[in-house]
Amino acid sequence: MKSTISTPYFLVDETRLVQNLEILRQVADQAGCKILLAQKAFSMFSCYPLLRRYLAGSTASGLYEARLGKEYFGGETHVFSPAYKPEEFEELLTYADHFVFNSPRQLQKFGPKAKAAGKAVGLRVNPECSTQEGHAIYDPCAPGSRLGTTLANFDESLLPLLDGLHFHTLCEQNSDDLETTVAAFEEKFGKYLHGLKWINLGGGHHITRKDYDRERLMRIVKHLKDTYQVEVYLEPGEAVVLNAGFLVTSVLETLHNGMDIAILDTSAACHMPDVLEMPYRPPLQNSGESGEKAYTYRLGGPTCLAGDVIGDYSFDAPLNEGDRLVFEDMALYTMVKTNTFNGMPLPAIVWRDANGQEKLVKAFGYEDFKNRLS
Ligand SMILES: *Cc1c(COP(=O)(O)O)cnc(C)c1O
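Along every chain, residues carry numbers that run from 1 in the direction the sequence is written. Note on the predicted model: pLDDT of at least 70 is required for a residue's local features to be given, and 80 or more for side-chain atom pairs to be given and counted; whole-chain, interface and lining totals, by contrast, use all residues. Neither water nor hydrogens contribute to the side-chain values; these are computed over all heavy atoms in the structure.

Trainee: I'm lost on the site of the ligand in this one. Help?
Mentor: K40, G204, E235, G237 and Y333 are the nearest of the 13 residues found near the ligand. In the analysis that follows, any N or O atom pair within 3.5 Å is treated as a polar contact, provided that within protein one partner can donate a hydrogen and the other can accept it, and provided that, for residues neighboring in sequence, both atoms belong to side chains. Between the ligand and G237, the relevant distance is 2.9 Å, taken from an oxygen atom to a main-chain nitrogen or oxygen of the residue. To measure how exposed things are, a 1.4 Å probe is used in the Shrake-Rupley method; for residues, cover is taken only from the protein chains shown. Relative to its unbound accessible area of 390 Å², the ligand is 89% covered by the protein chains. Residue proximity to a molecule or strand is established when one non-hydrogen atom of the residue lies within 4 Å of it.

Trainee: Where do I start with the packing of helix α4 (residues 86-95) against helix α5 (residues 104-116) in this structure?
Mentor: Helix-helix packing is characterised by the crossing angle of the two axes and by the distance between the axes. Running from amino to carboxyl end, α4 crosses α5 at an angle of 25°, the nearest separation of the two axes being 11 Å. When the interaxial angle is binned, α4 and α5 end up roughly parallel. Handedness of the α4/α5 crossing: right-handed. Within the contact between the two elements, α4 uses P86, F89, E90 and L93 and α5 uses F110, K113 and A114. Amino acid classes used here: Ala, Val, Leu, Ile, Met, Phe, Trp, Tyr, Cys and Pro are nonpolar; Asp, Glu, Lys and Arg are charged; the rest, including Gly, are polar. Grouping the constituent residues of the contact of α4 with α5 by class yields five nonpolar, no polar and two charged. Axes, fitted as lines to C-alpha atoms, cover a helix only where it is in contact. Angles between the N-to-C directions of the axes lie from 0 to 180 degrees. Secondary structure is summarised from DSSP: a helix means a run of H or I of at least four residues, a strand means a run of E of at least two, and numbering begins at the N terminus for each. These descriptions rest on fixed angle ranges, namely under 35 degrees for roughly parallel, over 145 for roughly antiparallel, 65 to 115 for roughly perpendicular, and the rest for oblique. If you view the pair so one helix is near and one far, a crossing is left-handed when the near helix is turned anticlockwise from the far one by less than a right angle, and right-handed when it is turned clockwise. Only heavy atoms matter for contacts: two residues are in contact if any of them lie within 4.5 Å across the pair.

Trainee: Is there a simple way to think about the domain arrangement of the chain in this case?
Mentor: Size of an interface: often given as the accessible area lost when the parts come together. The domain boundaries assigned to the chain delineate domain 1 (32-241) and domain 2 (245-330 + 338-370). The split of the chain into domains comes from an automatic or database domain assignment. Spacing between the C-alpha centres of domain 1 and domain 2 amounts to 34 Å. Taken together, the contact pairs nine residues of domain 1 with eight residues of domain 2. Summed over both partners, buried area is the accessible surface (1.4 Å probe) that two parts give up on being assembled. Carbon and sulfur atoms supply 67% of the area that domain 1 and domain 2 bury against each other, a total of about 640 Å² over both sides.

Trainee: Can you help me understand the UniProt feature "domain: Orn/DAP/Arg decarboxylase 2 C-terminal" (unreviewed entry) in the chain in this one?
Mentor: UniProt positions are given in the numbering used here, feature names are shortened, and annotations may be inferred rather than shown by experiment. Per the UniProt annotation, the sites labelled "domain: Orn/DAP/Arg decarboxylase 2 C-terminal" (unreviewed entry) are residues 139-330. When the span residues 139-330 is considered, its composition is 24% helix and 23% strand, and the gap between its end C-alpha atoms is 22 Å.

Trainee: Hey, could you run me through the pattern of salt bridges in this one?
Mentor: Here the idea is simple: oppositely charged side chains can pair when their charged atoms come close. Here, a salt bridge means any side-chain nitrogen of Lys or Arg that lies within 4 Å of a carboxyl oxygen of Asp or Glu. What the rule picks out here adds up to 15 salt bridges. Taking the shortest distance from any N to any O, the salt bridge between E358 and R352 comes out at 3.9 Å. The structure contains a network of salt bridges with shared partners spanning D13, R352 and E358.

Trainee: Would you explain α5 in this entry?
Mentor: Because an α-helix completes one turn every 3.6 residues, residues spaced three or four positions apart along the sequence face the same direction. By definition here, a helix of n residues has an expected span of 1.5 Å times n minus one. If you check α5, its first and last C-alpha atoms are 18 Å apart, about what 13 residues at 1.5 Å a residue would give, namely 18 Å. Bend at a residue means the angle formed by two fitted axes: the first through the 7 residues ending at that position, the second through the 7 residues beginning there. Where α5 bends most, the angle comes to about 45°, and this point is F110, followed within four residues by the proline P112. Three exposure classes are used, based on accessible area relative to the maximum for each residue type with a 1.4 Å probe and protein chains only: buried under 20%, partly exposed in between, and exposed over 50%. Considered for burial, the residues of α5 that qualify are P104, Q106, L107, F110, G111 and A114. Packed against the buried residues of α5 are α4, β5 (98-101) and β6 (120-124).

Trainee: How should the packing of helix α6 (residues 175-193) against helix α7 (residues 214-228) be read in this particular structure?
Mentor: Look at α6 against α7: their axes get within 10 Å of each other, and the N-to-C directions meet at 10°. Taken together, the axes of α6 and α7 lie roughly parallel to each other. Taken together, the residues of α7 that come into contact with α6 (itself represented by S175, D176, L178, E179, V182, E186, G190 and L193) are R216, L217, I220, H223, L224 and Y228. Here the residues of the contact of α6 with α7 are counted per class, giving seven nonpolar, three polar and four charged.

Trainee: Can you walk me through unusual backbone geometry in this structure?
Mentor: Glycine aside, a negative phi is what most residues show, and trans is what most peptide bonds show. Omega for the bond connecting T7 with P8 falls within 30 degrees of zero, at -5°, which places this linkage in the cis form. For the peptide bond that leads from M278 to P279, omega is -20°, which places it in the cis range. In this structure, P279 sits in the loop between α10 (274-277) and β12 (295-300). Of note, the phi angle at Q229 is positive, near 55°, even though the residue is not glycine.

Trainee: Any chance you could explain the packing of aromatic side chains here in plain terms?
Mentor: The relative placement of two aromatic rings is captured by the distance of their centres and the angle of their planes. Here is the rule: rings of Phe, Tyr and Trp (six-membered ring for Trp) pair when centre to centre is within 6.5 Å. Planes less than 30 degrees apart are stacked, more than 60 are edge-to-face, and the remainder are tilted. Summed over all chains, the structure comprises 19 aromatic pairs. Seen from their ring centres, Y84 and F101 are 5.3 Å apart, and the 70° between their planes marks the pair as edge-to-face. Here F101 lies in strand β5 and Y84 lies in the loop between β4 (76-80) and α4, a separation of 17 residues in the sequence. Taken together, the ring pairs in this structure connect Y84, F89, F99, F101 and F110 into an aromatic cluster. The ring of F80 has R124 sitting right over it, with the charged end atom 4.8 Å from the ring centre. Its end group placed over the ring of Y313, R281 keeps NZ or CZ at 3.9 Å from the ring centre. A ring has a charge above it when a Lys NZ or an Arg CZ is no more than 6 Å from the ring centre and no more than 35 degrees off the ring normal.

Next up, the structure:
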């Protein structure tokens with residue numbers, strides 16, 4: 001991966017992206033469902049025209065993503081927000097065609113306006129079925145969750161306003177957990193789905209992962225279509241760009257303090273915050289676990305934050321200043337989450353086309369740091 005583009009930069013690979021997109025289109029075609037990009041995970045709008053050739057549209061978490069989806073993605077534009085802002089709603093009506101509300105109160109407040117504007121209206125429900133362990137911040141079914149309407153809070157008098165139901169409860173999960181969740185959903189809300197037009201199964205489906213059971217996903221979709229005569233939507237974020245991106249970085253300095261340490265020109269806190277937030281250890285090309293290869297280093301960023309550490313990795317040879325390191329699976333939840341804490345520059349965004357040509361899509365500078373402040 002030789003390149004003259006200066007680090008750090010995110011590199012998105014067309015060939016890998018298209019591999020994912022072909023899988024998703026095949027699932028959509030075979031199961032007879034619609035798949036949307038959840039822009040929350042990936043908003044690199046320069047490649048939206050490519051994505052649009054495979055996906056039915058995009059989904060947004062609010063005004064800005066809805067606008068980006070409408071202006072650059074095309075197709076259907078869905079939006080969900082835990083609570084819409086009254087002063088933004090009119091504008092939102094110009095971008096989105098499907099509105100999902102979080103609670104009966106939100107539906108009461110905004111649903112009639114959306115219906116009057118000819119929009120499809122849905123309610124996010126909470127099937128109260130936790131299927132994930134470990135990552136509590138990604139579990140919308142946990143006790144006290146603010147996301148989705150529980151059966152106890154469901155208000156049948158609002159059914160005439162509804163075109164569809166929505167749930168989103170998964171995160172990086174396989175279709176067995178979807179099956180469990182759908183069973184809980186049907187038990188609680190199935191009776192309301194009869195007579196509606198669609199069900200949206202949210203995101204968190206790791207459809208493009210090697211071990212993902214797509215046959216089961218397709219069976220679930222067909223079951224819902226047959227039982228309720230509804231259209232089925234999936235809105236994955238991660239699965240669209242899984243393993244399709246990299247973060248290319250350089251070693252700035254090495255030092256020793258009880259162990260070997262390397263300071264990179266990329267920061268966990270600023271450029272891959274999920275490493276600290278989730279937390280997880282990102283895969284790094286040509287490296288091993290701590291102690292696995294001859295030379296182990298703790299890799300950290302150039303900020304003043306003591307905890308700006310990416311992890312401990314081992315290498316066949318000692319690291320040197322200027323060496324390039326390539327972190328993998330860096331398209332999802334990275335570019336959308338970067339920040340300029342400590343005055344850190346933002347990584348550039350680079351596209352590698354199907355012929356292997358790397359093209360600089362965008363570089364950032366001082367103004368991008370300054371313009372967020374005053
Ligand atoms: C985050 C989110 C998604 C996408 O989730 P992934 O884990 O990236 O697939 C889809 N729908 C909603 C409502 C979300 O909040």
